[in-house]
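Here is how the chains run, residue by residue.
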Amino acid sequence: MANTRVKTTTRAQYAALAEAAECLRILAHPQRLRIVQLLLTGQDYTVGQLAEVCDMSQPVTSDHLRLMQRCGFLDSRREGRAVYYNVAEPHLEQIMSCIESRFGLKQRGRDKSGS
């Protein structure tokens, strides 16, 4: 008979899973996913630029960015009065590739055929 002992989850593992679930919940929004797609092109964007491209108001865009920054997905830098956002979490590239592949989305800078 095979050993079917199940390994128990430690408190630290559970806490890490809870944090992952919270961050994935925050990422699971169409406008936030679009913001991540844009930022993964390597270009830094201001709130105003993202709001315009995503057809959202600046306050709503700021709220989305703040939530994603809080999870460590994004970073920002100030240049004068402008604040530029960029991707801080290197795993976002893989997460977005999975999402784009699974749901048949146009991948950043290329269509599904790879051209």
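Residues numbered from 1 in each chain as written. Predicted model: local features only at pLDDT ≥ 70, side-chain atom pairs only at ≥ 80, totals over all residues. Heavy atoms only, no water.

Enquirer: Got a minute to help me understand the overall build of the protein chain in this structure?
Expert: The helix and strand inventory of the protein chain stands at five helices and three strands. Counting from the amino terminus, the protein chain carries its helices and strands in the arrangement α-α-β-α-α-β-β-α. Within the protein chain, buried positions represent 27% of all 115 residues. At a minimum sequence separation of 6, the contacts of the protein chain that also span at least 24 residues come to 46%. Counting every atom, the protein chain has about 8100 Å² of accessible surface; 52% of that belongs to carbon and sulfur. (Helix = DSSP H or I, 4+ residues; strand = E, 2+ residues; numbered from the N terminus. Buried < 20%, exposed > 50% of the residue type's maximum accessible area, 1.4 Å probe, protein only. Contact = heavy atoms within 4.5 Å. Areas by Shrake-Rupley, 256 points an atom, 1.4 Å probe, with all protein chains shown as cover.)

Enquirer: Please clarify how the nonpolar core should be interpreted in this entry.
Expert: Generally speaking, soluble globular proteins have nonpolar side chains that are buried together. Counting 22 residues, the largest nonpolar core has Ile35, Val36, Leu65, Met68 and Phe73 as its most contacted members. Looking at this core, the elements that each hand over two or more residues are α1 (11–27), α2 (30–39), α3 (47–54), α4 (58–70) and α5 (92–102). The dominant element in this core, judged by the number of residues it contributes, is α2, at four residues. Sequence-distant contacts of Val36, defined by excluding residues within four places in its chain, comprise Leu27, Met68, Leu92 and Met96. (Core = buried A, V, L, I, M, F, W, Y, C linked by side-chain atoms within 4.5 Å.)

Enquirer: Is there a simple way to think about the environment of Asn86 in this case?
Expert: Residue position: Asn86 is located in strand β3 (residues 82–87). Sequence-wise, Asn86 and Gln69 are 17 residues apart; in three dimensions their C-alpha atoms are separated by 9.8 Å. Those residues in contact with Asn86, other than ones at most four positions away along the chain, are Leu39, Asp44, Phe73, Leu74, Asp75 and Arg77.

Enquirer: What exactly am I supposed to notice about the packing of α3 against α4 here?
Expert: Two quantities define a packed helix pair, namely the angle between the helix axes and the distance between the axes. Where α3 contacts α4, the axes come no closer than 9 Å and their chain directions differ by 110 degrees. The angle between the axes of α3 and α4 places the two elements in the roughly perpendicular class. Taken together, the residues of α4 that come into contact with α3 (itself represented by Val47, Gly48, Leu50 and Ala51) are Gln58, Thr61, Ser62 and Leu65. For the contact of α3 with α4, the class distribution of residues is four nonpolar, four polar and no charged. (Axes fitted to C-alpha atoms, helices over the stretch in contact; angles between N-to-C directions. Parallel < 35°, antiparallel > 145°, perpendicular 65-115°, else oblique. Nonpolar A, V, L, I, M, F, W, Y, C, P; charged D, E, K, R; others polar.)

Enquirer: Sorry, what's going on with the environment of Val60 here?
Expert: Of note, Val60 is situated in helix α4. Taking the C-alpha atoms as reference points, Val60 and Val47, 13 residues apart in sequence, are found 9.6 Å from one another.

Enquirer: Please clarify how unusual backbone geometry should be interpreted in this entry.
Expert: Trans is the common state for peptide bonds, and a negative phi is the common state for residues other than glycine. Positive phi outside glycine occurs at Asp55, with the angle close to 55 degrees. The exposed category is assigned to Asp55, whose relative accessible area is 71%.

Enquirer: I tried to follow the pairing of strand β2 (residues 74–79) on my own but got confused; where do I start?
Expert: Residues in a regular strand project their side chains so that they alternate between the two faces of the sheet. Taken together, the six bridges between β2 and β3 define a ladder with antiparallel strand orientation. Across the sheet, Arg78 pairs through a bridge with Val83, a residue of β3. Linking β2 back to β3 in an antiparallel pair, the connection comprises two residues, with Gly80 at a positive phi of about 65 degrees. (Pairing = 2+ DSSP bridges.)

Enquirer: I'm lost on the side chain of Thr61 in this one. Help?
Expert: Tracing the backbone through its elements, the reader meets Thr61 in helix α4. Relative accessible area serves as the criterion here: at 0%, Thr61 is assigned to the buried category. At 2.8 Å, the side chain of Thr61 and the backbone oxygen of Ser57 are in polar contact. Beyond its immediate stretch of four places on either side in the chain, Thr61 contacts Ile35, Val47, Leu50, Ala51 and Met56. (Polar contact = N/O pair within 3.5 Å; in protein donor to acceptor, adjacent residues only side chain to side chain.)

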